[in-house]
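If you want the building blocks of each chain, they are given just below.
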Amino acid sequence: VMSYWADETHAQGGTVVIPHFPLPNGEQAALIATGRIDGAEMLRHGKFEHIQYYKYLNCGYRIPLVGGTDKMTSEVPVGMYRTYAYIPEDEEFTYDAWCKSVAKGRSFLSGGPIIHFSVDGSRIGDTVQISGPGTVEVEAWAESVLPMHRLEIVQQGRVVASTEDRSGARRL
């Protein structure tokens, strides 16, 4: 049923976001494996949710995360998690442009900090082609109105670089 809905949504030019990621896992896994989703709503950010997300990433699936206002419980305030999408300067800011950026993975989900991340000048959502062993230049920063203590770069589920400020900083 969900595959049919996703196909019909795409046929009408719509954007398909699966709610409540990663559960229930059956139908969502089928949508991901068949390329029928444009993003996944992740409202809880515990160890279980992150492990499930990394399982998909480590299998090669690209799943842009989005925030939402789905109010299933009182655990997460409405509007806590927001989706930020990069829209090129030469493109008009519209809902369609925003949806297109989310589907391309040119977005990030945050309950606080604004982040920037690039690899060899490529932005979030781009694919970096590497022909063999070597090095890449990674730039990452986060800014927040509230103090942050640690910024980590994670590769295949492991922290590969980090910086911290024990007293808390608004930019790392």
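About the cut-offs
- Residues numbered from 1 in each chain as written.
- Predicted model: local features only at pLDDT ≥ 70, side-chain atom pairs only at ≥ 80, totals over all residues.
- Heavy atoms only, no water.
- Pairing = 2+ DSSP bridges.
- Helix = DSSP H or I, 4+ residues; strand = E, 2+ residues; numbered from the N terminus.
- Axes fitted to C-alpha atoms, helices over the stretch in contact; angles between N-to-C directions.
- Buried < 20%, exposed > 50% of the residue type's maximum accessible area, 1.4 Å probe, protein only.
- Patch = residues over 30% accessible without salt bridge, like charges linked within 9 Å, V, L, I, M, F, W, Y side chains within 5 Å.
- Areas by Shrake-Rupley, 256 points an atom, 1.4 Å probe, with all protein chains shown as cover.
- Salt bridge = Lys/Arg side-chain N within 4 Å of Asp/Glu carboxyl O.

## A short note on the sheet that holds strand β6 (residues 114-119)
Next, step 1: Strand order in the open sheet made by the three strands is β6-β7-β8, with antiparallel pairing throughout. Two strands bound the open sheet, and with one partner strand each, they are β6 and β8 (158-171). Looking at each pair of strands side by side, their axes are set apart by 15° on average, direction ignored.
Next, step 2: Where β6 lies against strand β7 (residues 138-155), six bridges are found, and the strand directions are antiparallel. For I115, the partnering residue across the bridge sits in β7 and is A142.

## Some points on the sheet that holds strand β3 (residues 65-66)
Next, step 1: On the basis of which strands lie adjacent, the open sheet formed by three strands has the order β1-β2-β3 and parallel pairing. The outermost strands of the open sheet, each flanked by one partner alone, are β1 (17-18) and β3.
Next, step 2: As paired strands, β1 and strand β2 (residues 39-41) are joined by two bridges and run parallel to one another. Looking across to β2, one finds that V17 is bridged to G39.

## A short note on the environment of E75
Next, step 1: Secondary-structure assignment places E75 in the loop between β3 and β4 (82-85).
Next, step 2: For E75, a relative accessible area of 55% corresponds to the exposed category.
Next, step 3: Taking the C-alpha atoms as reference, E75 lies 8.7 Å from R44; in sequence the two are 31 residues apart.

## Topic: a nonpolar patch on the surface
Next, step 1: Taken together, the side chains of V1, Y4 and W5 make up a nonpolar region of the molecular surface, amounting to roughly 410 Å² of accessible area.
Next, step 2: Assessed through its relative accessible area of 54%, Y4 is described here as exposed.

## Remarks on the pairing of β7
Next, step 1: For β7 and β8, the ladder comprises eight bridges, and the chain directions are antiparallel. Bridge assignment links Q155 to a residue of β8, and that residue is R158.
Next, step 2: Counted along the chain from β7 to the antiparallel partner β8, the turn is two residues long, and its residue Q156 has a positive phi close to 50°.

Any functional reading would require information that these geometric values do not contain.
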